[in-house]
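Notes for the structure review
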There are 2 protein chains.
Amino acid sequence: MKERTSVKLTLAYDGTDFHGFARQPGLRTVQGELEKWLSEASERPVEVIGASRTDAGVHAGAQAVQFAADSLKVPPERLMAYARGTLPHDLTIRNWEVVPADFHVRFAARWKTYRYMLDLGQVPDVFVRRFATHVPQPLSEEAMREGASALHGTHDFTSFCAAKAEQTDKVRTIYRIHFFRQSDDLMAIDVTGNGFLYHMVRNIVGTLVEVGKGKIPPTALAPILEAHDRRAAGPTAPPQGLTLWHIEYHKDWLDDQ
Amino acid sequence: MKERTSVKLTLAYDGTDFHGFARQPGLRTVQGELEKWLSEASERPVEVIGASRTDAGVHAGAQAVQFAADSLKVPPERLMAYARGTLPHDLTIRNWEVVPADFHVRFAARWKTYRYMLDLGQVPDVFVRRFATHVPQPLSEEAMREGASALHGTHDFTSFCAAKAEQTDKVRTIYRIHFFRQSDDLMAIDVTGNGFLYHMVRNIVGTLVEVGKGKIPPTALAPILEAHDRRAAGPTAPPQGLTLWHIEYHKDWLDDQ
C-alpha cells in the first residue's frame, strides 16, 4: 500500500481582497482559492488544513497549510514554479516540504507571531495603507510597553477574547510583545504566544492603543486580565493592520521524514 | 482688485487603480479625482496643474499640483483635515502652501527624483507587489551601477525616450542614479535629473535590468546613448515599479510670499 504523501506549504497573502482564510460558499477566501488551484493541478479535488483561520482583511507573511498530495499531477518540487502566473497575485507560496503522515499543521505548531502595524503619520501613508492601521493621535510608546508587560506569561485571556468565540479554554501563554519602528511613523507590535483566542491580538492592540492615547492607564492591564470580561478591555483594532507573521514548528515533526 | 490666491499641494498616491495623473473623460485619474474633490469644496469648478504627468500604474510619494484657491469654501489651512475621509483612500495630501501668483508648479521645479523598485525574491513579495516589479533572475548590481554611470550628466536621451513622445528637445541632465537595498530582496534605483522624457526612467531601468542579467554589457550604455535611437536601448520596465519620489523647487519661488 502506497503511503499517503502529505505536503506542507508556507503561504503569504495580502488579505485585503479575501473574506478571510476559511472556505465560505460564494465568497473569495484563501482556502477556497488555494483548494481550487490545487484541485486543478490534481486528479481529485484537494482539501487543505490551515494552521490559523485568519479573519477577513488579515494578512499572512507565513501561514501554513497541509494537504494530501497523492493525486497531484504537478510534482511537489515543481509547485512553486507552477504557481507563478497561475495563483492569484495576492496569494503566493513561499516554501514547501513533504511532512510525515502524522504531521498536523495546527497541532504541531510550537508558537506563532502576529505582527500589528500602526501608521502614526499625520497623513495616512498610501504605500502601507493596506497593511497598517492609521492612528494620527500621538501615542506614548513607553506607556504601551508598560501596559503590554502585564500580559506576558500564562493567563486566562477571556478579557481579550471575542465574546462569540467558541474556544472554552481561555488560558494562553504570551512569550513576548515586542515594539519596534519600521520607519519614523510606522510602529510594529509583534505578539508571540503558544496560541491565540478569537480576536485576541486585535483586542490586545486595541487596548494598548487606548493606553498609548492615555485613555487607559498602563497599570489597568493587570486588573483587565483579572476581570475575565471582554467588556473590561479596549476596542478591537481593525483587521487590516494584522499579519500572521511566523509559525514555529516542533523540529521533531519535520526532521522525521 | 483681490489678488489671485494660488495654492500648491503635495500629493501621494497609489497609482494602481488610476489611469494615470492626467484627466481623461470617463476614466479614473488622479487629476480627475482631485479636481472633483476640490470643486465640491469650492464655489466654482477647480482645475489643477500637475508638475508631472505620471503614467497609468505609476505612483507618487510627492507629486505637486497647484490651483487657484479663490473660490475655496474650505480655508487652505483646513484642506488636509477636510481631506480625511473625503478623498479616496489611494490619494492623500501630504502638504500645502500658498505660493506667489507667478509660481508655476512645472517650470519652478529644479530637479526631480523617480524611484524604481525591483523585487528580486524568488517568490514575489505580496506586501510590495503594487509598488515593485518582480525580477526573479539574479542581477549583477555591480554591472548595473557601471552601466548607469555612463548616463550621468547632460546627454541627448533620444535612445531612452518613447518613440511616440511629443518632446522635441531630448537633452536632459541626470545628476545621480543611486542604487540601494530597502531589504535583502528589494532593490531601489533613484534617478535624479532636471527633467525627464516620456518613459525615460522606465527605459533606463529596463535597460539596466538587461545589464544586470548579463544580456547587455555595461560598456554598451555609452554607444546606446550615442545611437539616438530608441531601438538601441532595452525594453520599457513596467509602470508599477515606478514612483515619483521628490520634486525640488527653487527656493526663490517659495520664499517670496
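The paragraphs below set out a description of the structure included in this document. (Residues numbered from 1 in each chain as written. Chains lettered and ligands numbered in written order. Predicted model: local features only at pLDDT ≥ 70, side-chain atom pairs only at ≥ 80, totals over all residues. Heavy atoms only, no water.)

In screw terms, the move from chain B to chain A is a rotation of 180° and a rise of 0.0 Å along the axis, fitting with an RMSD of 0.0 Å. Given the turn and translation reported, the copies of this chain are related as if by a two-fold rotation axis. Considering only C-alpha atoms, the residue of chain B closest to the rotation axis is Val128(B), which sits at 4.5 Å. A high fraction, 96%, of the interface residues of chain B reappear at the interface in chain A, so the copies pair face to face through one surface. (Least-squares fit on C-alpha atoms with pLDDT ≥ 70 in both. Contact = heavy atoms within 4.5 Å.)

On to the interface of chain B and chain A. The interface of chain B with chain A comprises 26 residues on the first partner and 25 residues on the second. Across the interface of chain B and chain A, roughly 1,800 Å² is buried in total on both sides, 67% from carbon and sulfur atoms. Among the residues of chain B in contact with chain A, Val126(B), Phe127(B) and Arg129(B) are the three that bury the most area, contributing 34% of the side total. Linking chain B to chain A there are two salt bridges. The salt bridge partner of Asp14(B) is Arg129(A), with a shortest N-O separation of 2.5 Å. The interface formed by chain B and chain A contains four residue pairs in polar contact (both at pLDDT 80 or more). When residues of the side of chain B that touches chain A are traced back to their parent elements, those giving at least two are β1 (6-13), β3 (59-68), β4 (91-99) and β10 (242-249) of chain B. Among the elements that line the side of chain B that touches chain A, the one with the most residues is β4(B), at four residues. Counted by class, the side of chain B that touches chain A contains 13 nonpolar, seven polar and six charged residues. (Buried area = accessible area lost by both parts, 1.4 Å probe. Salt bridge = Lys/Arg side-chain N within 4 Å of Asp/Glu carboxyl O. Polar contact = N/O pair within 3.5 Å; in protein donor to acceptor, adjacent residues only side chain to side chain. Helix = DSSP H or I, 4+ residues; strand = E, 2+ residues; numbered from the N terminus. Nonpolar A, V, L, I, M, F, W, Y, C, P; charged D, E, K, R; others polar.)

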